[in-house]
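Descriptive structure summary
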Amino acid sequence: MCLAMPAKVLSVNGDEAEVDFGGAVRKTNISMVDAKVGEYVIIHAGFAIQKVDEEEARETLKLWDEFLESSETA
C-alpha cells in the first residue's frame, strides 16, 4: 500500500523543495507542480504530485496524527 501525504513547502531550489510533514522536514522533487514557498503539496514516492489548500492539508495531517495516536495505544 502506498500513501500520499500533504506537506508545506519551506524552500524551493529548482526542481527540489524542502517540505515539512508536520515536523519532519524532507527534500522532494517538485518538477510536476508549480509549488511556491508556503503552499501545500501532496507528496507520493518523493514527488510532489498535486497542490492542495492549507485547510485540506491541515485536516489530513490532523487525521493522520489521530490515527498514529490510536495505534500506539492499541
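Heads up: the structure comes first, above all this text.
These numbers come from a predicted model, not from an experiment. (Residues numbered from 1 in each chain as written. Predicted model: local features only at pLDDT ≥ 70, side-chain atom pairs only at ≥ 80, totals over all residues. Heavy atoms only, no water.)

As enumerated under the stated definition, the model contains five salt bridges in all. Close ionic contact of K36 with D34 constitutes a salt bridge, the shortest N to O distance being 3.0 Å. The exposure class assigned to K36 is partly exposed, which follows from its relative accessible area of 42%. The residue K51 makes a salt bridge to E39 at a minimum N-O spacing of 3.4 Å. Remark: E39 occurs in the loop between β3 (25-29) and β4 (40-44) and K51 occurs in strand β5 (residues 47-52); sequence separation between them is 12 residues. Residue classification places E39 among the partly exposed residues on the basis of a relative accessible area of 25%. (Salt bridge = Lys/Arg side-chain N within 4 Å of Asp/Glu carboxyl O. Buried < 20%, exposed > 50% of the residue type's maximum accessible area, 1.4 Å probe, protein only. Helix = DSSP H or I, 4+ residues; strand = E, 2+ residues; numbered from the N terminus.)

Below, the discussion takes up a nonpolar patch on the surface. Residues M32, F47 and I49 make up a contiguous nonpolar surface patch of roughly 290 Å² in combined accessible area. Note on placement: F47 falls in strand β5. For F47, a relative accessible area of 36% puts it in the partly exposed group. (Patch = residues over 30% accessible without salt bridge, like charges linked within 9 Å, V, L, I, M, F, W, Y side chains within 5 Å. Areas by Shrake-Rupley, 256 points an atom, 1.4 Å probe, with all protein chains shown as cover.)

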